[in-house]
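# Tertiary structure, described
Here are the chains, one letter per residue:
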Amino acid sequence: MIVFPNAKINIGLQVLKKRVDHYHELETVFYPIKLYDVLEVIQAKEMAFYPTGISVEGDGKDNICVKAYHLLAKDYDIPAVEIHLHKNIPIGAGLGGGSSDAAFMIKLLNEKFSLGISSEKMEGYAKQLGADCAFFIRNTPVFATGIGTDFTPLDLDLSSYHFCVVKPPIHISTAEAYQSVVPDKHGKDLKTNMNRPITEWNNTVINDFEAGIFNKYPEIERLKKELYQAGAIYASMSGSGSSVFGIFKDQPTFLENKENYRIFYC
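Being a predicted model, the structure only gives us computed values, none of them experimental.

### What about helix α2 (residues 97-112)?
- Here α2 contains 16 residues, and its C-alpha end-to-end distance of 22 Å stays within 8% of the 22 Å for a straight helix at 1.5 Å per residue.
- Most of α2 sits inside the fold, with 13 of its 16 residues counted as buried.
- Positive phi shows up at S114, right after α2, with a value of about 50°.

### Structural notes on the sheet that holds strand β5 (residues 48-53)
- The strand order across the open sheet formed by 4 strands is β1-β4-β6-β5, and the pairing between neighbours is mixed. The open sheet is flanked by β1 (2-3) and β5, the only strands paired with a single partner.
- In this sheet, strand β6 (residues 81-87) lies alongside strand β4 (residues 38-43) in antiparallel orientation, the contact comprising 6 bridges. Counted as the bridge partner of L39 is L85 from β6.
- Where helix α1 (residues 64-73) meets the sheet, its contacts fall on β4, β5 and β6, and the angle it forms with β6 comes to roughly 145°.
- Together, β1, β4 and β6 form the strand contacts of α2, whose direction differs from that of β4 by roughly 35°.

### Overview of the sheet that holds strand β3 (residues 24-36)
- Within the open sheet, the 4 strands sit side by side as β2-β3-β7-β8. Their pairing is antiparallel. Lying at the two open borders of the sheet, with one neighbouring strand each, are β2 (6-18) and β8 (150-153). Neighbouring strand axes in the sheet, compared pairwise and without regard to direction, differ in orientation by 25° on average.
- Where strand β7 (residues 142-145) lies against β8, 4 bridges are found, and the strand directions are antiparallel.

### Points about the nonpolar core
- Within the largest apolar cluster, 36 residues are counted, with the highest numbers of intra-cluster contacts made by L39, L72, I83 and M105.
- Elements with a contribution of two residues or more to this core: β4, α1, β6, α2, α3 (119-127), α4 (135-138) and β7.
- Here this core takes 7 residues from α2, the largest share from any one element.
- Aside from chain neighbours lying at most four places away, what touches M105 is L39, V41, C65, A68, Y69 and I83.

Thresholds, definitions, all that
- Residues numbered from 1 in each chain as written.
- Predicted model: local features only at pLDDT ≥ 70, side-chain atom pairs only at ≥ 80, totals over all residues.
- Heavy atoms only, no water.
- Helix = DSSP H or I, 4+ residues; strand = E, 2+ residues; numbered from the N terminus.
- Expected span 1.5 Å × (residues − 1).
- Buried < 20%, exposed > 50% of the residue type's maximum accessible area, 1.4 Å probe, protein only.
- Pairing = 2+ DSSP bridges.
- Contact = heavy atoms within 4.5 Å.
- Axes fitted to C-alpha atoms, helices over the stretch in contact; angles between N-to-C directions.
- Core = buried A, V, L, I, M, F, W, Y, C linked by side-chain atoms within 4.5 Å.

Here is the structure:
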């Protein structure tokens, strides 16, 4: 059985405060985009994990798809499987690729082995694997709060627009990104600003990580400016970076001559 885990972008991201458990309260919008990994599960005599595509670091036993399998196997009688993961969504890019792989693994096992797990319960399992994993269970636009695990459905349809996602050869860990962000408990009223016309988002829908990241990696700031120069209606870094996306009215052509960059048109 084969599924295609998709990426997401963050449209706006406000860091409100640091909690006593060292997580951060935030507000953001998760929006799914048509950029995919490939995940296949085959029933087997023993567990195995076979990654291809973008190099997946670490021992296969630590891969989030394998963790998702073992999480469900504790509560359900699931046979051993071979997991084949072809990575195409860039890693360390703020696109949620690993989280999507985990959530799709849960959904795939649920369907393949007729486990009958509800969406709510699948979200509960996904939350144990990562803050934004649960988003990919329903995989529809949401306004996310808390540590990125509390969702309110959002009536946001950008299907008439074109997306360009650019991943520079820079890896930014979440820990690194938070080092230079300044929480603001008052936020910037993201939920209200999302109701403005998309042509006004560039002045109102802000990613709080950008200031610190741009200061350390000016190349990423240049990418955002170049997306606007190429005609983007709105451009932003996604999540904690390092990818930058632009939303265009017409299909863009962008940075075709840049080496070591990955460019996706969605």
